[in-house]
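Residue strings, one per chain:
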Amino acid sequence: MKYLELPPSPEPRKLPFYFVVEEYVATRFNDAGYFFAWQVPPTVMLGRNQLADNEVDLSFCRSHGIDIFRRKSGGGCVFADEGCLQFSYIVPDESPAEAFRRYMQTTADVLRAAGADAELSGRNDILIDGRKVAGAAFYRTGRRCVMHNTLLYSTDLDLLEKALTPPMEKLESKGVASVRDRVGNAGGAVGLPIPDFIAFARKQVCGNEVRHLTEEDLAQIRLIEGRLGSDAFVYGHNPRYSLVRQLHVPDVGRLEAFIEVKGGRITDFDLAGDYFLIGDLDNDLVARLSGVPFNREAVTGALADIPLPSIIRNLESDAFLRLLFGRKPHVPKPEWLKVSLSTNRTFRETEDIIERNGLHTICRSGLCPNRGECWRAGTATFMIGGDICTRSCRFCNTKSGRPLPLDATEPRQVARSIRLMHLRYAVLTSVDRDDLPDLGAAHWARTIEAVRRENPDTRIEVLIPDFQGRTDLVDQILATSPDVVGHNMETVRRLTPSVRSAARYDRSLDVLRHIAEAGSTCKTGFMVGLGETADEVDALLDDIRATGCRSVTIGQYLQPTSRHLDVVEYVTPEQFDRYRATALDKGFTRVVSGPLVRSSYHAGEDF
């Protein structure tokens, strides 16, 4: 890779200049990959399709001399100043996923080589001490990819927070209360002045390879620069259309559709927001919708051969249809799913013990339909590790975001509550703690050991996360000898990517296999009603049985809120009976199958 050396300028260059340099190099220089670093005066960068009014305090920016420009790439709104470095990579065309992986890793490696403990977040962010210090934007032009990292090095974070005003639901989806809570500067962890760090990065990425822009190159660049800096380009993405639709889609961003409909057909369409664009929106989506009747069925047909996730990262057709037309018509809940909401003395005592000890239960966080029945009987499933999960599965009502530190008193409190409730059979589960080095395994072990010490006659069932497939962490749980060890498959193979945020179908099977091969009583569970077929359930049962697991629960998926996956079907009690018979025929020794069944429902009855 060659470093692109720009001629010095007597005046600070504005943002459009550097964007044109990226495009110019991408379309003219095909001999190598290129890298260069640059800085701008205080500036807000809008993503290609963001609405300025939604994301930026325009009056604050104008009164404080902060420029506002728009880039051609997608992604969110960014503040930059002289303390914020831009790393531009211009490289041969490759898949967006591969480009992100390669060049985010390159930037993180530069930071680590300079002494900072930088890590990738799994999306397009780089973190130091849990705070975002760098993000990335991406677009294709011709046969080249352009990706630039925005690296907060010694940025004025007060200006950043006042200039950017993202919607509150966007912040809440990331588990933070403000922009300032989420970001930090990398310079303190590196310790080098900015010129020295740029020289260091240049050496790390390019060695001694260099190419100088000529005055002829600059003349060509200036011809294009004015267009990208014009008000029409910066503010022109605030169109007035006859229909406007808005939706925040988890793992995609905020979407705003502007639709002109004449004679019942789409005549014009634009899509704004802070989504991450990785394909050709205009030709691959907008042009394909032109002339299509504006109804759910016609647009569904038009999307049939459009690979939406390859245009906008993580955007599935169902979410796009919900943006345009709202939720699908409601599927009425059948009689067999109605449950008693009555309470008794035992219910109130159970609730009091849980609240007095500051405990979390999956009964509440999961909106379990059996909570009344179980609490009236004096039982509950304890959820350890806090009540904020690092994952955001689309079926689960547990809060997601940045968890609080582990509560060292929680193991003792759980053990004490089990004793006060006189439980002979206790069930423990947890949120995912992917933020911790051991993913929460040691906390799990301490809790089981505390329960065992204080309740020696109580049998213990655990429902564990996948621990990212790390069998050494699963072994920490198995070493405490719980009576039953469960890990849920949740759904069939085809639906796993759209239902579970980070878990993998085969990885969960491997966890079950490891539990069974260790000699523990192994258990799993899954939901139906998400759109699976009977043949897919049959294949899932075969896969589970092949691991050595012999206990399974099968229950109806119930949509917790409108933000979660829709219920596709309410499976009849008769079909649940057929699933139970099928599982028994396959060699399962314990099968609990029914509309209201959950993983821990009547868990202790057969064990």
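This is a predicted model, so every value here is computed, not measured.

Visitor: Where do I start with the overall build of the protein in this structure?
Guide: For the protein, the helix and strand inventory stands at 24 helices and 24 strands. Across the 607 residues that make up the protein, the buried fraction comes to 53%. Excluding contacts between residues fewer than 6 apart, the proportion of contacts in the protein whose partners are at least 24 apart in sequence is 72%. Surface exposure of the protein reaches about 26200 Å², of which carbon and sulfur atoms provide 49%.

Visitor: Can you walk me through the packing of aromatic side chains in this structure?
Guide: A ring pair, where both rings are aromatic, is described by two values, the distance of the centres and the angle of the planes. The full count for this structure, using the stated rule, is 14 aromatic pairs. Measuring from centroid to centroid gives 5.7 Å for F29 and Y34, while their planes differ by 55°, and the two rings are tilted. Across the pair, Y34 and F29 agree in class, each one buried. An angle of 75° between the planes, with centres 5.3 Å apart, marks the rings of F35 and F87 as edge-to-face. Separated by 52 residues along the polypeptide, F35 in strand β2 (residues 34–38) and F87 in strand β6 (residues 84–92) bring together distant segments of the chain. By the burial criterion, F35 is buried, and F87 matches it. Here the aromatic residues Y3, F35, F87, Y89, Y103, Y153 and F197 are joined through ring pairs into a cluster of three or more. Taking NZ or CZ as reference, R211 lies 3.6 Å from the ring centre of F29, over its face.

Visitor: What should I look at first to understand the packing of helix α23 (residues 534–546) against helix α24 (residues 573–585) in this one?
Guide: Any two packed helices are characterised by the angle at which their axes cross and by the distance between the axes. α24 packs onto α23 with a crossing angle of 35° between their chain directions and a minimal axis gap of 10 Å. Here α23 runs over α24; the crossing is right-handed. Between α23 and α24, the contacting residues are A534, V537, D538 and L541 on the first element and Y579, T582 and A583 on the second. Looking at the contact of α23 with α24 residue by residue, the classes come out as 5 nonpolar, 1 polar and 1 charged.

Visitor: Is there a simple way to explain the pattern of salt bridges in this structure?
Guide: Opposite charge on two side chains makes pairing possible when the charged atoms of those side chains draw close. The tally for this structure, following the rule as stated, stands at 26 salt bridges. The partner of D432 in a salt bridge is R391, and the shortest N-O contact between them spans 3.6 Å. Here D432 is found in the loop between β19 (425–430) and α19 (441–454), whereas its partner R391 is found in the loop between β17 (388–389) and β18 (399–400), with 41 residues between them in sequence. Overall, the relative accessible area of 15% leaves D432 in the buried class. With a closest N to O distance of 3.0 Å, R470 and D472 form a salt bridge. For R470, a relative accessible area of 33% translates into the label partly exposed. Here the salt bridges do not stand alone but share partners, grouping R391, D432, D434, D466 and R507 into one network.

Visitor: Would you mind showing me how to read the pairing of β6 here?
Guide: Looking along a regular strand, one sees the side chains alternate between the two faces of the sheet. A large share of β6 lies buried, amounting to 8 of its 9 residues. Here β6 pairs with strand β10 (residues 144–152) via 9 bridges, running antiparallel. Bridge pairing in β10 links Q86 to T150.

Visitor: Please explain the sheet that holds strand β12 (residues 243–249) as it appears in this structure.
Guide: Whenever strands of a sheet pair, they do so through backbone hydrogen bonds, lying parallel or antiparallel. Taken together, 3 strands build an open sheet; the order of strands is β12-β13-β14 and the sheet is antiparallel. Unpaired on one side and paired on the other, β12 and β14 (265–273) mark the two borders of the sheet. Averaged over neighbouring strand pairs, the angle between their axes works out to 20° when direction is ignored. By the bridge criterion, 7 bridges tie β12 to strand β13 (residues 253–262) in an arrangement that is antiparallel. The partner of L247 across the bridge, within β13, is L255.

Visitor: Just to check I follow, could you spell out the pairing of strand β24 (residues 590–593) for this structure?
Guide: Because side chains alternate across β24, one face comprises the buried residues R590 and V592, and the other comprises V591 and S593, equally buried. Both strand β23 (residues 551–556) and β24 contribute to a ladder of 4 bridges, which runs parallel. If you follow I554 over to β24, its bridge partner there is S593. On the question of chirality, the crossover connecting β23 to the parallel β24 by way of α24 is right-handed.

Cut-offs used in this document
- Residues numbered from 1 in each chain as written.
- Predicted model: local features only at pLDDT ≥ 70, side-chain atom pairs only at ≥ 80, totals over all residues.
- Heavy atoms only, no water.
- Helix = DSSP H or I, 4+ residues; strand = E, 2+ residues; numbered from the N terminus.
- Buried < 20%, exposed > 50% of the residue type's maximum accessible area, 1.4 Å probe, protein only.
- Contact = heavy atoms within 4.5 Å.
- Areas by Shrake-Rupley, 256 points an atom, 1.4 Å probe, with all protein chains shown as cover.
- Phe/Tyr/Trp six-rings, centres within 6.5 Å; stacked < 30°, edge-to-face > 60°.
- Lys NZ or Arg CZ within 6 Å of the ring centre and 35° of its normal.
- Axes fitted to C-alpha atoms, helices over the stretch in contact; angles between N-to-C directions.
- Left-handed = near helix turned anticlockwise from the far one by under 90°.
- Nonpolar A, V, L, I, M, F, W, Y, C, P; charged D, E, K, R; others polar.
- Salt bridge = Lys/Arg side-chain N within 4 Å of Asp/Glu carboxyl O.
- Pairing = 2+ DSSP bridges.
- Right-handed = clockwise from strand over helix to strand, strands pointing away.

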